[in-house]
Amino acid sequence: MPRSNALSRLLDAGENLVLDGALATELEAHGCDLEDPLWSAKVLLEQPELVRRVHLDYFKAGARVAITASYQATPFGFARRGIPEAEALERVAMSVRLADEARREYLAGNPESGPLLVAGSVGPYGAYLADGSEYRGDYTLTRNEFMEFHRPRVAALVAAGADVLACETLPSLPEAEALLELIAEFDVGSWLTFTLRDGAHISDGTPLERVAELCDAEPLVAAIGVNCVPLELVTPALDALGRASRKPLIAYPNSGETYDATTKTWGPAVSARGGAGTERPPASLVEGIPAWQERGVRMVGGCCRTTPNDIAALARLWRQP
């Protein structure tokens, strides 16, 4: 199966796919200190075997797509640690191999669970800045600067054999436009997921309908949606995307707890209640499934603070068409 069509073919065949959950949360649960600008990419330097173990845990939980530990792994970020570009790109390639090793190990004992996919994570420029700007989209680069930043990592992920690119946590329309050019340049299937200012706009204020129309025009984009967002914003965002796009939709929000991008800390979930005539927001990932599937979600998973237990619960309830 050509890499550029792997995800689209599964979706076209009517498959609904469960993604994995938070990588960093599980790495921290295993004792990793991720208080570092490299975040989970730090573990590619220090304990790569642990990344493979977490991928395997998510496959055991029922995930059919593993997202690599390359979200914050860029030559620019590794250069801050004195790591040359060649070694940095080898670590990016390693992130694909670790996920693939976990896939092969799981399928060896569970051949009926396939096909499973490895999605190469392409985090936003804001992740490299490590200042929370992936939730604001308030950075400004030219189209060429965005492409120069993302191209080496995209090339390394594709060369290492990633089945699809996960262009994720995107807050910026110009950055999405640059990534779409790279997707076409490398002829690789992808999904694009965005962070949100509210239920109708991505973080830089661009209407969701605008990004949906943009992605809809690229055949290599297999799905569009949201990730790393509060549970209460998922349904309105899906409504907005669905009005402007025919693509399958994807959602992997946070656990429901509240994140402060300034202090980089998590707090209790904020109780959200629907007003008169409005739908009450879900209190958990599992509770959101029926409404999200009604709106065309074909791929679902978890982002920050979610665990293999959350993914196992999703896999038990996630219905095929």
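These numbers come from a predicted model, not from an experiment.

Trainee: Before we go on, may I ask you to explain the overall build of the protein in this structure?
Mentor: For the protein, the count of helices and strands is 13 helices and 12 strands. Over its C-alpha atoms the protein spans a radius of gyration of 18 Å, differing by no more than 12% from the 20 Å that the globule rule assigns to 321 residues. Summarising its shape, the C-alpha atoms of the protein cover approximately 55 × 50 × 40 Å along the three principal directions. Each of the 321 residues in the protein was classed as buried or not, and the buried ones make up 58%. Excluding contacts between residues fewer than 6 apart, the proportion of contacts in the protein whose partners are at least 24 apart in sequence is 76%. By element, 49% of the accessible surface of the protein is carried by carbon and sulfur atoms, the whole surface being about 12800 Å².

Trainee: Sorry if this is basic, but what is going on with the confidence of the model for the protein here?
Mentor: The predicted model of the protein has a mean per-residue pLDDT of 90, with 90% of residues at 70 or higher. Of the regions scoring below 50 in pLDDT, residues 271-278 engages in seven contacts with residues more than four places distant in sequence or in other chains.

Trainee: Help me understand the pairing of strand S9 (residues 249-252) in this model?
Mentor: Two faces make up the sheet, and in a regular strand the side chains alternate between them. The alternating pattern of S9 places Leu249 and Ala251 on one face and Ile250 and Tyr252 on the opposite face, and all of these are buried. Inspection of the sheet shows strand S8 (residues 221-227) paired to S9 by four bridges, in the parallel sense. Looking across to S9, one finds that Gly225 is bridged to Ile250. Regarding topology, helix H11 (residues 231-244) serves as the crossover connection from S8 to the parallel S9, and that connection is right-handed. Sheet analysis places S9 next to strand S12 (residues 297-300), joined by three bridges and oriented parallel. From the neighbouring strand, Ala251 faces S12, where its bridge partner is Val300.

Trainee: When you look at the sheet that holds strand S4 (residues 164-170) in this model, what are you seeing that I'm missing?
Mentor: Note: strands within a sheet are paired through backbone hydrogen bonds, in either parallel or antiparallel orientation. Pairing within the open sheet is parallel, and its eight strands lie in the order S1-S12-S9-S8-S5-S4-S3-S2. In the strand order of this sheet, the two ends are held by strand S1 (17-18) and strand S2 (65-67), each with one partner.

Trainee: I keep staring at the pairing of strand S5 (residues 190-194) and nothing clicks. Help me out?
Mentor: The buried fraction of S5 amounts to five of the five residues, a majority that puts the element mostly inside the structure. What you see with S5 is no split at all: Ser190, Leu192 and Phe194 on one side and Trp191 and Thr193 on the other are buried throughout. Judged from the four bridges that link them, S4 and S5 form a sheet pairing that is parallel. Its bridge partner lying in S5, Cys167 is registered against Leu192. Handedness of the crossover joining S4 and S5 through helix H9 (residues 173-186): right-handed. Pairing of S5 with S8, which is carried by five bridges, proceeds in the parallel orientation.

Trainee: Quick question: what am I supposed to make of the packing of H9 against helix H10 (residues 208-216) here?
Mentor: When two helices pack together, their arrangement is given by the angle between the helix axes and the distance between those axes. Their axes nearest at 11 Å, the elements H9 and H10 cross at an angle of 5°. Comparing the axis directions of H9 and H10 gives the class roughly parallel. Side by side, H9 and H10 meet where Leu173, Glu177 and Leu180 of the first sit next to Arg210, Val211 and Leu214 of the second. Here the residues of the contact of H9 with H10 sort into four nonpolar, no polar and two charged.

How each quantity is defined
Residues numbered from 1 in each chain as written. Predicted model: local features only at pLDDT ≥ 70, side-chain atom pairs only at ≥ 80, totals over all residues. Heavy atoms only, no water. Helix = DSSP H or I, 4+ residues; strand = E, 2+ residues; numbered from the N terminus. Rg over C-alpha atoms; globule rule 2.2 N^0.38 Å. Buried < 20%, exposed > 50% of the residue type's maximum accessible area, 1.4 Å probe, protein only. Contact = heavy atoms within 4.5 Å. Areas by Shrake-Rupley, 256 points an atom, 1.4 Å probe, with all protein chains shown as cover. pLDDT = per-residue confidence, 0-100. Pairing = 2+ DSSP bridges. Right-handed = clockwise from strand over helix to strand, strands pointing away. Axes fitted to C-alpha atoms, helices over the stretch in contact; angles between N-to-C directions. Parallel < 35°, antiparallel > 145°, perpendicular 65-115°, else oblique. Nonpolar A, V, L, I, M, F, W, Y, C, P; charged D, E, K, R; others polar.

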